[in-house]
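Here's the letter readout for the chains.
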Amino acid sequence: MPQLFSPGANTLFRTVLIGTPFLLIGTVFALYRIAYSPYATQVGVPVDQPVPFSHQHHVAGLGIDCRYCHTSVETSAFAGMPATATCMTCHSQIWTQAPILASVRESLSLNQPIRWTRVHQLADYVYFDHSIHVRKGIGCVSCHGQIDQMPITWKANTLQMGWCLECHKHPDRALRPPSEVFNLNWKPAGDQTLQGRTLAKQAGIKSIQEITDCTTCHR
Amino acid sequence: MKRIGSGCVLLLAIVLGSGCREEMRNDSRLKPLQEDAFFADRNSSRPLVPNTVPRGHANNDDFFYQGEINGKLVRGFPSPVTRQELERGRDRFNIYCSVCHGPTGEGDGMIVQRGFPQPPSLHDQRLRDAPEGHLFHVITRGYGVMYPYADRVTPQDRWAIIAYIRVLQLARNSTINDVPPDQKARLTGP
């Protein structure tokens, strides 16, 4: 009977035996890394917009409050996108000939809204409400990052479920006094966790069990 | 054997692949201001049908909603001004007005410093004497190069802002003798 296996078969067998688990683990690891990479989460990736609007210039440079443009953030689920008239409140007088604002002027004259590209896109099965977060003392920065340092807006956090839950499990780590919610540069004076517990009580935050319930966000 | 094996792989691929559909992620629910082909202007956020009055929005209180009664600008406020309302007014003034009018109403806000035409100081005698209804009109309808703020500031908040403007005007022309004795220490400092 002729030899079934060549002399190299042993080596091949060992390689496959040892290599297969590595390959499997490696694949899982790679998929995991891809799922959490900016490629999948879009974190830190500037989004192209019809007008290169800079929060850095308007917020850090000029000191305009978030609510000047995002007017419904305290009262509704949607923070609100400014109408073209809001842009033109200033830009009817300043930078009136600037080429980068051409589409804003066109939007006003044609009475056609500007088509902004959404930066924070939650899945449709997620219920999210800005007003409750703002009212209970979650600062803009907690989710949107240092938006006052962004020349073009990008996502600062994944907005994945695990990330949401991290805060819903430990609200005391993020809570701030109601007066500092829109202050993008606020830092806790003392121990945040200790202070956070007091703030949670003052704001009447429900129990961790209640705010981590499925139906809190999936209704 | 081989056939069963490849069958299993195919089945697995179908099962896994079917899990990748995004129907629930993007269902028929529309987000605010989302574009949608259903309407001619592709805007899913619909304007109100003309002449509809949303429940609770029968704006029949002319003092509160118009700042004028029978074409005459009102003086005073629709309801007594509380400390809470003044604080609300300060808050709103700093968000919407101070960008041009400046934090004290001087007309030296950041946008003015960057080239916006300077508004008159809120401490001008003309504006100190102006009826509250005039200020309400200006916020609601705009004035000169100032755009209307009716879509950004609710009537309730407009009255709060006007009350705060009155505070600024009062403070500008006050002397130390106008400060209640028990508050004086806070001004002179330790």
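Cut-offs applied
Residues numbered from 1 in each chain as written. Chains lettered and ligands numbered in written order. Predicted model: local features only at pLDDT ≥ 70, side-chain atom pairs only at ≥ 80, totals over all residues. Heavy atoms only, no water. Helix = DSSP H or I, 4+ residues; strand = E, 2+ residues; numbered from the N terminus. Expected span 1.5 Å × (residues − 1). Buried < 20%, exposed > 50% of the residue type's maximum accessible area, 1.4 Å probe, protein only. Arc of directions from axis to C-beta. Domains from an automatic or database assignment. Phe/Tyr/Trp six-rings, centres within 6.5 Å; stacked < 30°, edge-to-face > 60°. Salt bridge = Lys/Arg side-chain N within 4 Å of Asp/Glu carboxyl O. Contact = heavy atoms within 4.5 Å. Buried area = accessible area lost by both parts, 1.4 Å probe. Patch = residues over 30% accessible without salt bridge, like charges linked within 9 Å, V, L, I, M, F, W, Y side chains within 5 Å. Areas by Shrake-Rupley, 256 points an atom, 1.4 Å probe, with all protein chains shown as cover. Axes fitted to C-alpha atoms, helices over the stretch in contact; angles between N-to-C directions. Left-handed = near helix turned anticlockwise from the far one by under 90°. Nonpolar A, V, L, I, M, F, W, Y, C, P; charged D, E, K, R; others polar. Polar contact = N/O pair within 3.5 Å; in protein donor to acceptor, adjacent residues only side chain to side chain.

Another point: helix 10 (residues 192-203) of chain A. Residue and element names in this part refer to chain A. Taking 1.5 Å as the rise per residue, helix 10 with twelve residues should run 16 Å; its terminal C-alpha atoms sit 15 Å apart, in good agreement. For helix 10, the full list of buried residues reads Q192, G196, L199 and A200. Looking down the long axis of helix 10, one finds its buried residues gathered within 105° of arc, a one-sided arrangement. Residues of helix 10 that are exposed and angled more than 90 degrees away from the buried face: L194, K201 and Q202. Count one or two residues on from helix 10 and you reach G204, which has phi positive near 70°.

Here the domain parsing of chain A yields domain 1 (9-35) and domain 2 (55-81 + 116-217). The C-alpha-based centres of domain 1 of chain A and domain 2 of chain A are spaced at 42 Å.

All right, on to the packing of aromatic side chains then. We describe a pair of aromatic rings using the distance from one ring centre to the other and the angle between the two ring planes. Scanning the entire structure with this criterion turns up nine aromatic pairs over all chains. Ring centres of Y32 of chain A and Y36 of chain A lie 4.9 Å apart, and the angle between their planes is 45°; on these two criteria the pair is classed as tilted. Taken together, a centroid distance of 5.0 Å and an interplanar angle of 85° make the contact between F38 of chain B and F39 of chain B edge-to-face. A relative accessible area of 69% places F38 of chain B in the exposed class.

Turning our eyes to something else, we now look at the pattern of salt bridges. Under the defined criterion, the tally for this structure stands at 16 salt bridges over all chains. For E74 of chain A, the salt bridge identified is with R92 of chain B, shortest N-O distance 2.9 Å. One end of the pair, E74 of chain A, is in the loop between helix 4 (66-69) and helix 5 (84-91); the other, R92 of chain B, is in helix 3 (residues 83-101), on a second chain. The salt bridge involving D172 of chain A is made with R197 of chain A; its shortest N-O contact spans 3.8 Å. Of this pair, D172 of chain A sits in the loop between helix 9 (161-169) and helix 10 while R197 of chain A sits in helix 10; the two residues are 25 residues apart in sequence, bridging distant segments of the chain. Several salt bridges converge on common partners, so that one network encompasses D65, R67 and E74 of chain A together with D91 and R92 of chain B.

Between chain A and chain B, the residue contacts involve 29 residues of the former and 27 residues of the latter. Each partner contributes to the roughly 2600 Å² buried at the junction of chain A and chain B, and carbon and sulfur atoms together form 54% of this total. For the pair chain A and chain B, the interface holds four salt bridges. Note that D124 of chain A and K31 of chain B form a salt bridge whose closest N and O atoms lie 3.1 Å from each other.

Residues F13, L17, I18 and F22 of chain A make up a contiguous nonpolar surface patch of roughly 500 Å² in combined accessible area. Structurally, the position occupied by L17 of chain A is in helix 1 (residues 9-35).

Once that is clear, we can look at the packing of helix 5 of chain A against helix 6 (residues 102-110) of chain A. Residue and element names in this part refer to chain A. Where helix 5 contacts helix 6, the two axes come as close as 10 Å, and the packing angle between them is 120°. Relative to helix 6, the crossing made by helix 5 is left-handed. Note on element contacts: helix 6 touches helix 5 through V104, R105, S107 and L108, opposite T84, A85, C87 and M88. For the contact of helix 5 with helix 6, the per-class residue count stands at five nonpolar, two polar and one charged.

Here the focus is the side chain of R92 of chain B. On the basis of relative accessibility, which here comes to 3%, the residue R92 of chain B falls in the buried class. Polar contacts involving the side chain of R92 of chain B include one to the side chain of D91 of chain B, which spans 3.1 Å. Residues within four places of R92 of chain B in sequence aside, it is in contact with R67 and E74 of chain A together with C97, D157 and I161 of chain B.

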